[in-house]
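Descriptive structure summary
Chain by chain, the residues run as shown.
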Amino acid sequence: MKVNLIQSEYEVIRDQSRCINCRLCEKQCSNGVNYYDKKLKVMLSEEWKCVNCHRCVAVCPTHALKIVKSDHCFKTNANWSKHDITNIFRQAQTGGVLLSSMGTPKEYPVYWDKMLINASQVTNPSIDPLREPMETRTFLGKKKLDIEYDENHNIITDTKPQMELSLPVMFSAMSYGSISYNAHKALATAAQELGTFYNTGEGGLHEDFYVYGENTIVQVASGRFGVHPTYLDAGKAIEIKMGQGAKPGIGGHLPGRKITKEVSKTRMIPQGSDAISPAPHHDIYSIEDLRQLVYMLKETTNYKKPIIVKIAAVHNVGAIASGIARCGADIIAIDGFRGGTGAAPLRIRDNVGIPVELALAAVDKRLREEGIRNEVSLVVGGTIRSSADVVKAIALGADAVYIATSALIALGCHLCRSCHLGKCNWGIATQIKELEDRLDPEEGAKNLVNLISAWKREIKEMMGGMGINSIEALKGNRLMLRGIGLSEKELEILGIEHAGE
Amino acid sequence: MDRIKKEGEIRIPSGCAISGIISKKGNRFSGQTAIDSIRLMHDRSNGLGGGFAGYGIYPEYKDYYAFHIFYMDTIAKNECMSFLEEHFDLINLSKIPTRKIPSITDEPMIWRYFLSPLPTKLAESQLTEEEYVVRCTINVNAHIKGAFIVSSGKNMGVFKAQGYPEDVGEFYKLEEYSGYSWTAHGRYPTNTPGWWGGAHPFSLLNYSVVHNGEISSYDANRRYIEMFGYKCNLQTDTEVITYMIDFLNRKKNIDLKTVAHILAAPFWSTIERMDETKKLEYKYLRNNYESFLVTGPFSIIVSYQNGLMALNDRLKLRSLVVGEKDDMVYMASEEEAIRVIAPELDSIYYPKGGEPYIVELETEVQ
């Protein structure tokens, strides 16, 4: 007798009085949850297969469906949660490492939600962005503090390579392979229209997307997939991926089934073979090795591209960032442990790393203490969920933010955390043609442009409220933040005062 | 009741009145003129701070640094004295003469020193003479509790106190001093009582700044400038603005007009309309000096050995007007504060937001 130890977490509730047996929910579910029972002449669901992605709910023409959390439960136990128990069942049955996707769902403190923003009252005026200029243009790259003049007494305006953004928000790295062609196309076209950047991730750059080069960051990761001189030249900046917030300390694994013909060509690996990124870069075992890679990339591209070094937020991140700043990097990207991923060992995702807010505060402080904050720009991600998070990140000391999960949600992602299964019903995290076709890149790009434009308006409103009319005056302006419900130590690390002070 | 936090322990925003007068020919005139101008704007201050800066007031000691120092107690005085003796040749020292008036109370000990860096110490430090003086000043203000160096430039001095500015002028007997340029300030601090040290002008080396406004970029500016060895002890806008000017103008040798265009940078929409060369220059300045951008309302008058500069924030959210008569140039928060000392003017001008108005001496002061 087969005993089923793991019960489904969700139930598909179908209002039979509304259901017209059109079987659309069946066709649209790549997990095979819904089926038509010919004998009973009704639609039924095998709900243990359901990942709660809402695709069936969204396409049902008669609104007959909803997904609810199952009330099936274990005996109440404050120590042993349902997840603890079922995960032990899973591992006892398979002997495998637990996998999951996207950012950790666990209840760690979200410091963005524990900081409040200031506004002007009486002693200085707030500024109305509808009536006055309100500037969000941002540059990333090293800052010079000296001015040299030519013989006509004009300023010599050469700088180290810079990135110019219309607002301090960029799309973070997601590889072609982990996400679909159409998702990449949507990100690339949106970045171009918005005057910002998207990031190839570690999967190389599909030949169709070279035209978006001016708005592209090309990534070099430990697997070196798709890296060649033309690729490095194609982007506006090069990012060395040392780590990722969702899975610090480990590499990546894109299963062979996602390595289709096009992905294989772009990654420069055989079709159907697993793409395994090693945990470290095997030519970087220390900071001086990183310096060599930074300068190798600079040499290859004639010192025309800023080099970004992306690290996961971990303990001692201040000292690590200081080392990176001193090894020639132009920009440091810090990825917080709540950041998303296409696949990660669950225990690592949920337990390794630190929140990006604390990492950002520590790094910004450290670089200022060492007097080298102008030598490097700071970009933070993992997770930025709204324009308010952006404003708080900039005030805490970031030059710009990276968003990825927010962008995917704009493309239709419902955070079902099943990317690693490769069967994304929304056409995002999949290489299956018929699923991929569900994502219209033009519509996706429009949604991304809408989202970021809306955030831009909100950022301007908040800046105006503070009496700040240009984003650089918000940068590191921690007086504009107050903590709420934070301990002395947390306030000290964030470098802010408590609300009411 | 808990003690109210003193300035420097807490940031106190304030509104204000400012006034500046200069003779382009370098003719010296009495501090009384500055008192008369600032007195008219009595209602723009609230009795919690006033002050003056005079340039050309110590011709007999013009080659020495003039330190004006507040001491809260004798312990601070002794500690500061030994610091000064260790680092400088003291040429002259005395109490700054004051007159007792009922409206000015709680005065600290107020001393004046003329000094020059000890050559051996200076050589040992490997610093320029000016940088040496700056570091010593910042060191005393940051580390010797109860001692505060009010001004540290040559042939100039700052006189400030808690009170209405006209009373402060009377207290310091400013009618007895004459200089070729004067600035004056009346303060309207909010929140809590101001403090003698927190009154304006704020001064470092030969720069002094009077300021009206409340800048919204304060902490962005402060945290950036503190990277370069400055310490914002008072947490005032004027202090951080003075440090930024010192850094850009003195240390980085950037001319004052360009400094003004860094602090109150033109909008991108303005830059887009410039010719190609200028466009690139302003883009360079805005990008590389981004953290020196000052936002929020301000009008300032910057005094230095060779002149005065008036500057408004980029939106001109504070009033500021400039009048000229013969070789005299007047700058003030209100036109009336000029008319009261110079009823007939050759011209009157309201500088635009972010447009510096710079007046320099035509001849070197003897």
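Regarding the side chain of Ser-291 of chain B
- On the secondary structure map, Ser-291 of chain B appears in the loop between helix 10 (276-288) and strand 13 (298-304).
- Excluding its chain neighbours within four sequence positions, the residues that come into contact with Ser-291 of chain B are Ala-220, Asn-221, Tyr-224 and Met-244 of chain B.

Concerning the interface of chain A and chain B
- Between chain A and chain B, the contact holds 47 residues from the first and 42 residues from the second.
- Taken over both partners, the interface formed by chain A and chain B buries close to 3800 Å², and the fraction arising from carbon and sulfur atoms is 54%.
- Contact with chain B buries surface across chain A, with Leu-145, Arg-368 and Glu-472 of chain A losing the most and accounting together for 16% of the total.
- For the pair chain A and chain B, the interface holds 8 salt bridges.

Brief notes about the domain arrangement of chain A
Residue and element names in this part refer to chain A.
- Taken domain by domain, chain A comprises domain 1 (10-96) and domain 2 (138-143 + 157-498).
- Here the C-alpha centre of domain 2 lies 34 Å away from the C-alpha centre of domain 1.
- Opposite the 12 residues of domain 1 that make contact, domain 2 presents 11 residues.
- Roughly 1100 Å² of surface becomes buried between domain 1 and domain 2 when both sides are summed, with 48% attributable to carbon and sulfur atoms.
- If you sort the residues of domain 1 by the area they bury against domain 2, Ser-30, Cys-53 and Arg-55 come out on top, with a joint share of 47%.
- At the junction of domain 1 and domain 2, the tally comes to 0 salt bridges.
- Between the two partners, domain 1 and domain 2, sit 4 residue pairs in polar contact (both at pLDDT 80 or more).
- At the level of elements, helix 1 (24-28) and helix 2 (55-59) are the ones that each hand at least two residues to the side of domain 1 that touches domain 2.

Structural notes on the packing of helix 11 (residues 387-396) of chain A against helix 14 (residues 441-465) of chain A
Residue and element names in this part refer to chain A.
- At a minimum axis distance of 9 Å, the contact between helix 11 and helix 14 shows a crossing angle of 50°. In terms of axis orientation, helix 11 runs oblique to helix 14. In this structure, helix 11 crosses over helix 14, and the sense of that crossing is right-handed. Side by side, helix 11 and helix 14 meet where Ser-387, Ala-388, Val-390 and Val-391 of the first sit next to Trp-455, Glu-458, Ile-459 and Met-462 of the second.
- Considered class by class, the residues forming the contact of helix 11 with helix 14 number 6 nonpolar, 1 polar and 1 charged.

Thoughts on the packing of aromatic side chains
- Using the criterion set out here, one finds 25 aromatic pairs over all chains in the structure.
- Measuring from ring centre to ring centre gives 6.4 Å for Tyr-295 of chain A and Tyr-303 of chain A, while their planes differ by 50°; the resulting arrangement is tilted.
- Look at Tyr-303 of chain A and you get partly exposed, because its relative accessible area is 40%.
- With a centroid separation of 6.0 Å and 50° between ring planes, the pair formed by Tyr-289 of chain B and Phe-292 of chain B is classed as tilted.
- Here Tyr-289 of chain B falls in the buried class, since its relative accessible area comes to 1%.

A look at the sheet that holds strand 4 (residues 65-71) of chain B
Residues and elements named next belong to chain B.
- Pairing within the open sheet is antiparallel, and its 4 strands lie in the order 5-6-4-7. Sheet topology places strand 5 (88-95) and strand 7 (147-151) at the edges, where each strand pairs with a single neighbour. Ignoring strand direction, the axes of neighbouring strands in this sheet form an average angle of 30°.

Quick look at the pattern of salt bridges
- In this structure the tally under the stated criterion is 53 salt bridges over all chains.
- Two residues, Arg-373 of chain A and Asp-364 of chain A, come together in a salt bridge whose shortest N-O distance is 2.7 Å.
- For Lys-365 of chain A, the salt bridge identified is with Glu-369 of chain A, shortest N-O distance 3.3 Å. Linking Lys-365 of chain A with Glu-369 of chain A, this pair stays in helix 10 (residues 356-369), spanning 4 residues, or about one helical turn.
- On the accessibility criterion, Lys-365 of chain A (41% relative accessible area) is partly exposed.
- Here Glu-369 of chain A falls in the exposed class, since its relative accessible area comes to 56%.
- One salt-bridge network, in which partners are shared between bridges, spans Asp-364, Arg-368, Arg-373, Asp-399, Lys-475 and Arg-478 of chain A together with Arg-223 and Glu-290 of chain B.

Some points on helix 8 (residues 317-325) of chain A
All names here are of chain A.
- Within the sequence span of helix 8, burial applies to Val-317, Gly-318, Ala-321, Ser-322, Ile-324 and Ala-325. Seen from one end, helix 8 has its buried residues packed into an arc of 160°, which puts them on one side.
- Elements in contact with the buried residues of helix 8: helix 7 (287-300), strand 15 (307-312), strand 16 (331-335) and helix 10.

Description of the nonpolar core
- By size, the foremost hydrophobic cluster in this structure holds 125 residues, and its most contacted members are Phe-67, Leu-84, Tyr-172, Ile-225, Tyr-289 and Phe-292 of chain B.
- Here this core takes 7 residues from helix 7 (residues 237-251) of chain B, the largest share from any one element.
- The next biggest cluster of nonpolar side chains, apart from the first, holds 111 residues, and it includes Leu-396, Cys-419, Ile-452 and Leu-481 of chain A.

Some details on unusual backbone geometry
- Gly-382 of chain A connects to Thr-383 of chain A through a cis peptide bond whose omega is 0°.
- Here His-200 of chain B and Pro-201 of chain B are connected by a cis peptide whose omega angle stands at 0°.
- Assignment of secondary structure puts Pro-201 of chain B in the loop between strand 10 (181-189) and strand 11 (202-204).
- Phi is positive for Leu-205 of chain B, which is not a glycine, with a value near 50°.

What about the pairing of strand 12 (residues 237-241) of chain A?
Residues and elements named next belong to chain A.
- Of all the 5 residues making up strand 12, 5 are buried; the element is thus mostly covered by neighbouring parts of the structure.
- The side-chain alternation of strand 12 yields two buried faces, one formed by Ala-237, Glu-239 and Lys-241 and the other by Ile-238 and Ile-240.
- The pairing of strand 11 (residues 216-220) with strand 12 spans 4 bridges and is classified as parallel. Along strand 12, the bridge assignment pairs Val-220 with Ile-240.
- What joins strand 11 to strand 12 is helix 5 (residues 229-234), and the crossover it makes is right-handed.

The rules behind each value
- Residues numbered from 1 in each chain as written.
- Chains lettered and ligands numbered in written order.
- Predicted model: local features only at pLDDT ≥ 70, side-chain atom pairs only at ≥ 80, totals over all residues.
- Heavy atoms only, no water.
- Helix = DSSP H or I, 4+ residues; strand = E, 2+ residues; numbered from the N terminus.
- Contact = heavy atoms within 4.5 Å.
- Buried area = accessible area lost by both parts, 1.4 Å probe.
- Salt bridge = Lys/Arg side-chain N within 4 Å of Asp/Glu carboxyl O.
- Domains from an automatic or database assignment.
- Polar contact = N/O pair within 3.5 Å; in protein donor to acceptor, adjacent residues only side chain to side chain.
- Axes fitted to C-alpha atoms, helices over the stretch in contact; angles between N-to-C directions.
- Parallel < 35°, antiparallel > 145°, perpendicular 65-115°, else oblique.
- Left-handed = near helix turned anticlockwise from the far one by under 90°.
- Nonpolar A, V, L, I, M, F, W, Y, C, P; charged D, E, K, R; others polar.
- Phe/Tyr/Trp six-rings, centres within 6.5 Å; stacked < 30°, edge-to-face > 60°.
- Buried < 20%, exposed > 50% of the residue type's maximum accessible area, 1.4 Å probe, protein only.
- Pairing = 2+ DSSP bridges.
- Arc of directions from axis to C-beta.
- Core = buried A, V, L, I, M, F, W, Y, C linked by side-chain atoms within 4.5 Å.
- Right-handed = clockwise from strand over helix to strand, strands pointing away.

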